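Structure at a glance
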Amino acid sequence: MTAALAGRRLLVSAGPTFEDIDPVRFIGNRSSGKMGFAVADAAARRGAEVLLVAGPVHLATPAGVQRVDVRSAEQMRAAVLAALPVDAYIGAAAVADWRPRAIAPNKMKKTAGVDTLALELVRTPDILAEVAAHAARPALVVGFAAETEDVERYARGKLAAKQLDLIAANRVGVAGAGFESDDNLLTVFGRDGLARELGPAPKIQLADALLDLIAERLS
Ligand code: PMT
């Protein structure tokens with residue numbers, strides 16, 4: 001039996017952020033939003049009030065979910081912080097870690113004889129860490145970790161450094177999991193000592209299994 005989430009307010013982030021370089025170019029990543037949308041969908045089916053902050057994706061809004069669309073990390077931060085307080089924040093978005101220091105107002109032109117271009121990048125805000133340190137900290141703060149190597153070590157590092165309750169780690173850059181795929185394989189680590197492998201399975205099933213862990217900890 002799935003644990004209910006009626007009366008709970010869940011905030012989910014999903015998709016990539018795009019950091020503009022000029023009016024036609026941006027820095028982005030391969031997140032499709034499928035994982036975060038699956039979490040929002042599964043939470044709404046359990047009766048939660050769900051607010052979904054979505055980066056630029058091509059997905060329909062799940063039934064019963066309230067959605068706010070954003071483009072950049074800064075916009076995602078503002079939308080996430082504006083939605084607090086909530087019972088749980090689930091950060092499934094692949095937020096850009098870097099953005100260009102300045103956005104060129106016009107399309108950057110190529111110059112004959114110049115073969116290189118240097119872009120100065122600055123760090124974006126860490127939304128997940130900020131939520132976890134917020135005065136209105138949700139009872140449960142859940143991160144994801146997208147790693148190409150040393151998945152457990154890096155995921156446990158983020159769990160501790162960002163002061164999370166749970167982190168769902170997935171390997172990216174492999175077929176059948178991570179970005180864009182309909183399926184995934186998650187290993188969830190908890191500050192309470194949890195280490196649980198979920199999948200491989202369709203993202204909607206994994207979302208449900210993750211929500212079981214969340215609902216248990218909220219009750
Ligand atoms: O969208 P899909 O195509 O379905 O792919 C799913 C997914 C691979 C994107 C998803 O399963 C996933 O792993 N999401 C997190 C991706 C990520 O950015 O991981 P990270 O290890 O770089 O970041 C760790 C955590 O910090 C994440 O919860 C992220 O949302 C958060 N973060 C990161 C940087 C930042 N500036 N702010 C953040 O909040």
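Residues numbered from 1 in each chain as written. Predicted model: local features only at pLDDT ≥ 70, side-chain atom pairs only at ≥ 80, totals over all residues. Heavy atoms only, no water.

1. Thoughts on the site of the ligand
Inclusion rule: Throughout this document, a residue counts as near a molecule or strand when at least one of its heavy atoms sits within 4 Å of that molecule or strand. By the criterion applied in these results, polar contacts are pairs of N or O atoms within 3.5 Å in which, for protein atoms, one can donate a hydrogen and the other can accept it, and in which residues neighboring in sequence qualify only through two side-chain atoms. Only the protein chains shown count as cover for residues, with accessible areas throughout obtained via the Shrake-Rupley method and a probe of 1.4 Å. A cavity, in this analysis, means grid points on a 1 Å lattice covering only the protein atoms where a 1.4 Å probe fits yet has no way out; a pocket is instead an open set bounded by protein on both sides within 12 Å along at least five of seven lines, and a residue lines either one if it has an atom within 4 Å of a point. Assignment to a cavity or pocket requires that more than half of a molecule's atoms be within 2 Å of the site's grid points. The secondary structure listing takes helices from DSSP runs of H or I that are at least 4 residues long and strands from runs of E that are at least 2 residues long, numbered from the N terminus. Only Asp, Glu, Lys and Arg are considered charged, only Ala, Val, Leu, Ile, Met, Phe, Trp, Tyr, Cys and Pro nonpolar, and every remaining residue, Gly among them, polar.
Taken together, 30 residues surround the ligand, and among them Ser31, Ser32, Ala93, Lys158 and Asn170 come closest. Note that an oxygen atom of the ligand is positioned 2.6 Å from one of the side-chain N or O atoms of Ser31. Within the side chain of Lys162, a nitrogen or oxygen atom sits 2.9 Å from an oxygen atom of the ligand. The fraction of the free accessible surface of the ligand (780 Å²) that becomes covered by protein chains is 96%. Judged by the fraction of its atoms near the pocket grid, the ligand is located in the largest pocket. Put simply, the parts of the chain that give the shell around the ligand at least two residues each are helix H1 (34-45), helix H3 (127-132) and strand E9 (140-147). Looking at the shell around the ligand, its residues break down into 14 nonpolar, nine polar and seven charged.

2. With respect to the sheet that holds strand E6 (residues 88-91)
As a general point, the strands of a sheet are linked pairwise by backbone hydrogen bonds and lie either parallel or antiparallel. Basically, it comes down to this: Pairing between two strands is assigned when DSSP locates at least 2 bridges connecting them. All axes are obtained by fitting lines to C-alpha atoms, using only the stretch in contact for helices, and the reported angles, taken between N-to-C directions, cover 0 to 180 degrees.
Strands sit in the order E5-E4-E1-E6-E9-E10-E11-E12 across an open sheet of eight strands; the sheet is mixed. The open sheet is flanked by strand E5 (65-69) and strand E12 (195-202), the only strands paired with a single partner. Shown here is a sheet whose adjacent strand axes are inclined to one another by a mean of 20°, direction ignored. With four bridges connecting them, strand E1 (residues 9-14) and E6 associate as parallel partners. For Ser13, the partnering residue across the bridge sits in E6 and is Gly91.

3. Some thoughts on the environment of Leu206
Note the threshold: Only heavy atoms enter the contact rule, under which two residues are in contact if any of them lie within 4.5 Å.
Its location among the elements puts Leu206 in helix H5 (residues 203-218). Residues contacting Leu206, with those up to four places away along its chain left out, are Met35, Asn184, Leu185, Leu186, Leu198, Gly199 and Ala201.

4. Quick look at the nonpolar core
The criterion, for reference: What is meant by a nonpolar core is a set of buried Ala, Val, Leu, Ile, Met, Phe, Trp, Tyr and Cys residues, joined one to another through side-chain atoms within 4.5 Å. Classification of residues uses two cut-offs on accessible area relative to the type maximum, computed with a 1.4 Å probe and protein chains only: under 20% is buried, over 50% is exposed, and between them is partly exposed.
Counting residues in hydrophobic clusters, the biggest one holds 39 residues, and the most contacted among them are Leu10 and Ile214. Grouped together as the second largest cluster of nonpolar side chains are 26 residues, Val86, Ala145, Leu164 and Ile167 included.

5. Topic: the packing of aromatic side chains
Keep this limit in mind: Between the rings of Phe, Tyr and Trp (Trp by its six-membered ring), a pair exists once the centres lie within 6.5 Å; its type follows the angle of the planes, with under 30 degrees stacked, over 60 edge-to-face, and the other angles tilted. For a ring to carry a charge above it, either NZ of a lysine or CZ of an arginine must fall within 6 Å of the ring centroid while also lying within 35 degrees of the normal to the ring plane.
Summed over all chains, the structure comprises one aromatic pair. Positioned over the ring face of Phe26 is Arg71, at 5.3 Å from the centre of the ring. Against the face of Tyr154 rests Arg153, its NZ or CZ located 4.9 Å from the ring centre.

6. Side note on the layout of surface pockets
Over the atoms rolls a probe the size of a water molecule, and in doing so it shows where empty space is left. Selection rule: Grid points are joined across faces, edges and corners, and a volume is the space filled by probe spheres set on the points.
Approximately 770 Å³ is the volume attributed to the largest pocket. As for the largest pocket, its lining consists of 40 residues, and the residues nearest its centre are Ala93, Ala94, Val95, Phe144 and Ala146. Counting residues per element, the ones that place at least two in the lining of the largest pocket are H1, E6, strand E8 (121-123), H3, E9 and strand E10 (166-171). Grouping the amino acids of the lining of the largest pocket by side-chain chemistry returns 19 nonpolar, 13 polar and eight charged.

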